[in-house]
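Residue-level listing of the chains:
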Amino acid sequence: MNTQIKTAIYWLLLGVCFLTHTLFHIYGLFYGVDIRLPDTTGSEVPLFDQVFNTVIFTLTFLIALLSVNLSGRGFRWFSLVWSVLFLLLNLAHLAEAAFVEKFDLSQVCLLSFVLVVNGMLIVTLWKSLRPASKSV
C-alpha cells in the first residue's frame, strides 16, 4: 500500500481512537457515575482544556487530510515529530490509566491499541524518510 495512504489511515485511526477514548470516559454517565473532574466549578471548560482538545483532535484529523494531499519531505518530518510526541503522550497516559487512576479495562486496551497504531505510524514515516539503500 502507498505510504501516503497508510500514513493518512494511521492518523485517521488515531483520531477515531481519541474520540473513542472520550466516549469511554463519559460512558459512566449511563450508570450514574459522577464523571466531573476534581476542583471544577461545573460552569465552564477551562481554556487550556479547550485548546488541548482542539490541538489533539483537530490537528490529528488535519494531518490525516494533509497526508492524502502532501508527500513532501518537510511534511513527513513534521508528521514524524508530531507522531513521536503523541507516542510519548500516549505512553504517559497509558501508565496513568493502568497504575494511577481507577483501573478501566476498556481504556487500558484502547490506549494499548493506540500505542500500536502510533508505533506503526512512526515506523512507516521513518522508513519513508530514510534514504533508499543502494544495491552492491
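K.L.:
I'd like to hear about the overall build of the protein, residue by residue, with values.
P.N.:
Per the secondary structure count, the protein includes four helices and zero strands. Each helix and strand of the protein, ordered N terminal to C terminal, gives the series α-α-α-α. By its C-alpha atoms, the protein is 65 × 30 × 20 Å across when sized along the principal axes. Out of the 136 residues belonging to the protein, those deemed buried represent 30%. Sequence separation of at least 24 residues holds for 81% of the intrachain contacts in the protein that already meet a minimum separation of 6. Total accessible area computed for the protein in this model is approximately 9300 Å², and 70% of it derives from carbon and sulfur atoms. Taking the 8 positively charged and 7 negatively charged side chains of the protein as two groups, their mean positions are separated by 29 Å.

K.L.:
Before we move on, could you go through the side chain of S67 and cite the residues and values that matter?
P.N.:
Considering the arrangement of structural elements, one finds S67 in helix α2 (residues 47–69). Of the residues examined, S67 reaches a relative accessible area of 2% and is grouped as buried. Once residues lying within four places of it in the same chain are set aside, the contact partners of S67 are Q4, T7, A8, W11 and F75.

K.L.:
With reference to specific residues and values, describe a nonpolar patch on the surface.
P.N.:
Nonpolar side chains collect at one region of the surface, where L23, F24, I26, Y27, L29, F30, Y31, V33 and I35 lie side by side and expose about 930 Å² of accessible area between them. Here Y31 shows up in the loop between α1 (3–26) and α2.

K.L.:
How would you summarise the nonpolar core if you had to cite specific residues and measurements?
P.N.:
Of all hydrophobic cores here, the largest spans 20 residues; its most connected members are W11, L14, F18, F86 and L121. Secondary-structure elements contributing two or more residues to this core are α1, α2, α3 (73–99) and α4 (105–129). The element contributing the most residues to this core is α4, with seven residues. Beyond its immediate sequence surroundings of up to four residues, L14 is in contact with T60, V114, V117, N118 and L121. Core analysis: the next-biggest nonpolar cluster, separate from the first, contains five residues, L94, A97, L111 and L115 among them.

K.L.:
Hey, could you go over the pattern of salt bridges for me, with residue numbers and the actual values?
P.N.:
Counting across every chain of the model gives one salt bridge. In this structure, D34 engages R36 in a salt bridge whose closest nitrogen and oxygen atoms are separated by 3.0 Å. Given the relative accessible area of 51%, D34 is considered exposed. The class of R36 is exposed, set by a relative accessible area of 61%.

K.L.:
Give me the environment of G72: which residues, what numbers.
P.N.:
Inspection of the secondary structure puts G72 in the loop between α2 and α3. We classify G72 as partly exposed; its relative accessible area is 36%. Between the C-alpha atom of G72 and that of L129, which follows or precedes it by 57 residues, the distance is 9.9 Å.

K.L.:
I'd love a proper account of the side chain of S79, names of residues and values included.
P.N.:
Here S79 shows up in helix α3. Note on S79: relative accessible area 0%, which makes it buried. Here S79 is in contact with T7, W11, I63 and L125, once residues within four sequence places are set aside.

Reading the values: the criteria
- Residues numbered from 1 in each chain as written.
- Predicted model: local features only at pLDDT ≥ 70, side-chain atom pairs only at ≥ 80, totals over all residues.
- Heavy atoms only, no water.
- Helix = DSSP H or I, 4+ residues; strand = E, 2+ residues; numbered from the N terminus.
- Buried < 20%, exposed > 50% of the residue type's maximum accessible area, 1.4 Å probe, protein only.
- Contact = heavy atoms within 4.5 Å.
- Areas by Shrake-Rupley, 256 points an atom, 1.4 Å probe, with all protein chains shown as cover.
- Lys, Arg positive; Asp, Glu negative; His and termini not counted.
- Charge placed at Lys NZ, Arg CZ, Asp CG, Glu CD.
- Patch = residues over 30% accessible without salt bridge, like charges linked within 9 Å, V, L, I, M, F, W, Y side chains within 5 Å.
- Salt bridge = Lys/Arg side-chain N within 4 Å of Asp/Glu carboxyl O.
- Core = buried A, V, L, I, M, F, W, Y, C linked by side-chain atoms within 4.5 Å.

From the geometry alone we can't say anything about function, so treat these as descriptive.
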